[in-house]
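Each chain, letter by letter, is given below.
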Amino acid sequence: MPRLAIYALIVCVLALAAAVVSFTQGSLLGIVWIMMAGVSSNMAWFYVRKARADRAAQERNGSVTG
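If you're wondering where the values come from, they're calculated on a predicted model, not measured in any experiment.

Basis of the calculations
- Residues numbered from 1 in each chain as written.
- Predicted model: local features only at pLDDT ≥ 70, side-chain atom pairs only at ≥ 80, totals over all residues.
- Heavy atoms only, no water.
- Helix = DSSP H or I, 4+ residues; strand = E, 2+ residues; numbered from the N terminus.
- Contact = heavy atoms within 4.5 Å.
- Phe/Tyr/Trp six-rings, centres within 6.5 Å; stacked < 30°, edge-to-face > 60°.
- Buried < 20%, exposed > 50% of the residue type's maximum accessible area, 1.4 Å probe, protein only.
- Polar contact = N/O pair within 3.5 Å; in protein donor to acceptor, adjacent residues only side chain to side chain.
- Expected span 1.5 Å × (residues − 1).
- Arc of directions from axis to C-beta.

*Asks:* Even after reading the chapter, I still don't get the side chain of Ser22, so can you show me in this structure?
*Replies:* Tracing the backbone through its elements, the reader meets Ser22 in helix α1 (residues 3–24). Those residues in contact with Ser22 that lie beyond four places of it in its chain are Ser27, Leu29, Gly30 and Trp33.

See the structure below:
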């Protein structure tokens, strides 16, 4: 798993925890944390899919030339 995907996943988990704390305290600021969790979740998926695609491209190119 790429390092950036791990960082994005950590941000997602922390944003979800902040949203839970915010909502339990009665603040609507949790909505912002939920949106941040969504963005960081999408970033994590993007980096994972990008790494898989890069790895598959290297395997294709390596098997053709090698």
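*Asks:* Looking at this model, I keep getting lost on the packing of aromatic side chains. Mind explaining?
*Replies:* Each aromatic ring pair is characterised by the separation of its centres together with the angle its planes make. Under the criterion given, the structure shown has 1 aromatic pair. Seen from their ring centres, Phe46 and Tyr47 are 5.4 Å apart, and the 70 degrees between their planes marks the pair as edge-to-face. Residue class for Tyr47 comes out partly exposed when judged on its relative accessible area of 24%.

*Asks:* Looking at this structure, how should I read the environment of Leu4?
*Replies:* Assignment of secondary structure puts Leu4 in helix α1. Classification of Leu4 as partly exposed rests on a relative accessible area of 49%. In sequence terms Leu4 and Met43 are 39 residues apart; their C-alpha atoms lie 8.5 Å from each other.

*Asks:* Please explain the side chain of Ser40 as it appears in this structure.
*Replies:* Inspection of the secondary structure assignment puts Ser40 in helix α2 (residues 30–65). In this structure the side chain of Ser40 is engaged in a polar contact, spanning 3.3 Å, whose partner is the backbone nitrogen of Cys12. A distance of 3.1 Å separates a polar side-chain atom of Ser40 from the backbone oxygen of Ala37. Once you skip the residues sitting within four places of it in the chain, Ser40 turns out to touch Ala8, Val11 and Cys12.

*Asks:* What should I look at first to understand α1 in this one?
*Replies:* For the α-helix, the turn length of 3.6 residues means that residues three or four positions removed from each other point alike. Taking 1.5 Å per residue as the helical rise, α1 with its 22 residues ought to reach 32 Å, and the 32 Å between its terminal C-alpha atoms agrees with that figure. Those residues of α1 lying buried are Ala5, Ala8, Cys12, Ala15, Ala19 and Ser22. Down the axis of α1, the smallest arc covering the buried residues is 105 degrees, so these residues share one side. Those residues of α1 that are exposed and aimed more than 90 degrees away from the buried face are Arg3, Val13, Leu14, Val20 and Thr24.

*Asks:* Looking at this model, I keep getting lost on the environment of Phe46. Mind explaining?
*Replies:* One can find Phe46 in helix α2. Separated by 42 residues in the primary sequence, Phe46 and Leu4 place their C-alpha atoms 9.8 Å from one another.

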